[in-house]
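# Tertiary structure, described
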Amino acid sequence: MKTFLSVFWLSLAPLFSWADDGAAAYQRGDYAQAVELWQSQAQQEGVHADLLSALGNAEWKLGRKGRAILCWERALLLNPRDPVALAGLHHAQGVGGTDRPLPTWTETYASFMTADTWLLLGTLSFWVAVYCIVVPRLKRQPSTDLNERILLLSITLLVLTIPGLWGAHTNAQRAVIKQGEISLRLTPTKLGEPIQATSEGDVVRTDRKFNGHVRVITAEGKAGWVRADEIEPIWGAGLPGTYSDATSAP
Amino acid sequence: MKYCLLILVALTAILPLAAEDQVSWNTTPAIAGPGQPFRLQVHIESDVVLGAAERVVKELKPPRGMALRFSGQLYRSNTTEATLNFSGVAPEEEGTFVIPSFNIRFTAKVVKIPEITLHVSSTTGFRKSSQARAELSLPERTYYVGERIPGVIHLLSSEQETVTGSVGLECEAEGFSYYFNGPPKNTDQGMDLLFELTPTRTGNGEIIFNGSMFLQSENSFLTTGRDRPYTFRQRFRVEHVPEEGRPADWTGGIGKFTAESVHVSNAKPEVGEPIKLTAVLTGIGNLERILPPEIVGGDVWEVLPASERRRRAEEERMFVYSIIPRLPGKQTTPAIKFSTFDPSTKKFTRLEFPVQSVTVTGTAPAKVDLVSIDPAAPANQETKAKLPDLMPPQVHQQAGVKVILPLAASPKFWATNAVLIISTTILLCLSLLSGYLLLHPEIILFYRARRHVQQAQRQAQAAQQKGASQAFATAIVSGLRAGVGALLRAEPQALTQGDILRILPEADPVLLDRIFREADGEKFGGRVTNQLLTDAPKALELLQKVKAQL
């Protein structure tokens, strides 16, 4: 048993070592090293909210706004109340000059739980309501008082989850501008007339796709087209894509 | 007298109009083999001095597969006769080919040549391999607007004929621009004529190539020179490069290209020192039409627009960028990447030049923080609340995910729900149906009775055909009892004629009595034999009436 425990702890040791080493590198200001260590950890173990928000901080310190915002936004998808990610986004909007669309009331409502929790809750309440209606009919017996109460409760819960589901859906429609000096174009073509400049790290709402372009709406409400490879959706791979130039720490 | 003179003048004026030109023609050989060269001679006798023939070629429209060129006129001055020679090559297929009627413009008048017929047959013994020939090499596929299609016409010598030259190569193709790549190139087998085509609009059509080659025939006695025409026709279809799946970074390249090389003019520049980044693209395609790909410098590089160079002979294209480093340290040059379209596979391919490592020396310019204080604010006012700062991260050990995807994007989740919905709906429907049937038992009762009556009808008809009177009566009684039993909610076997009459009051009691006696008579006494079949239709009608009530 002792042997088993020692082997188990030894196998876990590298994981803790990555996390600790990353935090240590961050503490001493070696953000590039911290990013490398946390990225290795993410590739091995997968990502979670803490790791993504920490990675976002390090990326921000390295001046890679797009990747940082994407990390924080993804951290919020996994934990909508992650304090580090929320602070990072506030900081980016206040000091960094990035734009982020104001959340609608449904999005604010949806931020109480993750999108998956909303969906599970909605599905569960739907099925409970359905079976509260169906089961007495199948048994050819009158509905009991308890059955009526459960039905009422589940329908109430279902109604309450609808705004949450809608907010989670609109949240999923957002993307982050990957590069600086990207212009919103009037038409979905390479030579489309530029109508507004965006900067790296700006969060936009996405709409339909056409001709390799995506129609987006900025935080200011301006709508235009950008190339599909100029943005990265918030939902997606665990780590941001390798789009940013490998800049060293400033 | 005056009238006689007028008539004479009028007749004199009409006489030339009435006169007809005599046109005759002959081909040598009279019957040509497939692909065999032939000579056409047209002889014209007129009433005026004809002079020289002009613009013969323009009106000559040989049939498909046949090459025909005007090769000269036997000219004698001050004669009313003319002989024109044409050289041609017969089509590759057997049959009769008609050269449509055409006009020849002489100095004096226009003469219409009637249709000329050429017979082509493989029985002539012509051996094609002994003749010099021309072959077209042009890809047979869908073409795309803007692409460069290289083609070759091979002029191939034979054992007896040597190709010595080429003349008058023309290309007729609407919606194409064409370019002949200089003089013919001598090869081991003869000559090659290189050309390039570029489609300029979409559509279907036919490309026609016409030309002549000079030949030298050698035999044991003498050496003679001659010309021989050739013609090619090839159907084509031109489309735009497909929009579906077209990458955003496609810059107009159609063909097969290779990212040949990339290099920088200085691998150790200082901050702010411009260097040249040169990328060389090679391949077969419309190199000259590719727009230089845009590169993104980001924070490290400042990129100036690209200049470009192309050398047609070397089939290469160079993109030269001026890039200026902004930050010191080990840096990599911006990536040069774009997509091209391969017309043979109809797919887009991504081309990427490798990035180059550069060591930038010097120091970065100092960063200037933006002032966020309102300049119009009073001097002694304290600064507002401090802007939010980053929180120190804390990474706890917990389970991670490789890809952040919502449950809503999971097909398994929705498939499970769909299965649940379908099974619940089926269960509910079955439950409702069984409940309804329990409330209305007559539905099943009538259904079964109807089936029983139908079966009895079939048995009765079979018995009628066999002439089995008792079996007929038994089937009728069985059917009547089953149907009436369902209607009266009674056991069929317990029913009598009186019960039948309650449901069928209009039935003939005598007939009913005979049926029952025929069926059950043996149980209770004698039975009437072989009398019932005469009234079989009436008996069957009774069954039909019962069935109608079910």
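So, a few notes on the structure that sits alongside this text.

Analysis parameters
- Residues numbered from 1 in each chain as written.
- Chains lettered and ligands numbered in written order.
- Predicted model: local features only at pLDDT ≥ 70, side-chain atom pairs only at ≥ 80, totals over all residues.
- Heavy atoms only, no water.
- Pairing = 2+ DSSP bridges.
- Helix = DSSP H or I, 4+ residues; strand = E, 2+ residues; numbered from the N terminus.
- Axes fitted to C-alpha atoms, helices over the stretch in contact; angles between N-to-C directions.
- Expected span 1.5 Å × (residues − 1).
- Bend = angle between axes of the 7 residues up to and from the residue.
- Buried < 20%, exposed > 50% of the residue type's maximum accessible area, 1.4 Å probe, protein only.
- Contact = heavy atoms within 4.5 Å.
- Salt bridge = Lys/Arg side-chain N within 4 Å of Asp/Glu carboxyl O.

Here we take up the sheet that holds strand β3 (residues 37-45) of chain B. What links the strands of a sheet is backbone hydrogen bonding, and the strands pair in either a parallel or an antiparallel sense. Residues and elements named next belong to chain B. The four strands lie next to each other as β1-β3-β6-β5, forming an open sheet whose pairing is antiparallel. The open sheet has two edge strands with one neighbour each: β1 (22-28) and β5 (67-74). Pairwise comparison of adjacent strand axes, ignoring direction, gives a mean angle of 20° for this sheet. Of the pairings in the sheet, the one linking β1 to β3 comprises seven bridges and is antiparallel in character. Along β3, the bridge assignment pairs V23 with I44.

Turning our attention to helix α8 (residues 145-171) of chain A. An α-helical turn contains 3.6 residues, so any two residues separated by three or four positions project in the same direction. All names here are of chain A. With 27 residues, α8 ought to run about 39 Å at 1.5 Å a step, and its terminal C-alpha atoms sit 40 Å apart, in line with that. If you look at α8, its biggest bend is around 30°, right at T161, and the proline P163 turns up within four residues after that. By the burial criterion, the buried members of α8 are N147, L151, S154, T161, P163, G164, G167, A168, T170 and N171. On the buried face of α8, the contacting elements are α6 (105-110), α7 (115-139), β1 (174-177) and β4 (203-210).

A separate point is the pattern of salt bridges. One pass over the structure, following the stated rule, counts 26 salt bridges over all chains. Note that A:R205 is salt-bridged to A:E107, the shortest N-O span being 2.7 Å. Of this pair, A:R205 sits in strand β4 while A:E107 sits in helix α6; the two residues are 98 residues apart in sequence, bridging distant segments of the chain. Per residue, the accessibility class of A:R205 equals that of A:E107, and both read buried. Notably, a salt bridge pairs B:E206 with B:R233, separated by 3.2 Å at the nearest N-O pair. Note that B:E206 is positioned in strand β18 (residues 203-218) and B:R233 in strand β19 (residues 223-239), a separation of 27 residues in sequence. Connected via shared salt-bridge partners are A:R185, A:R227, A:D229 and A:E230.

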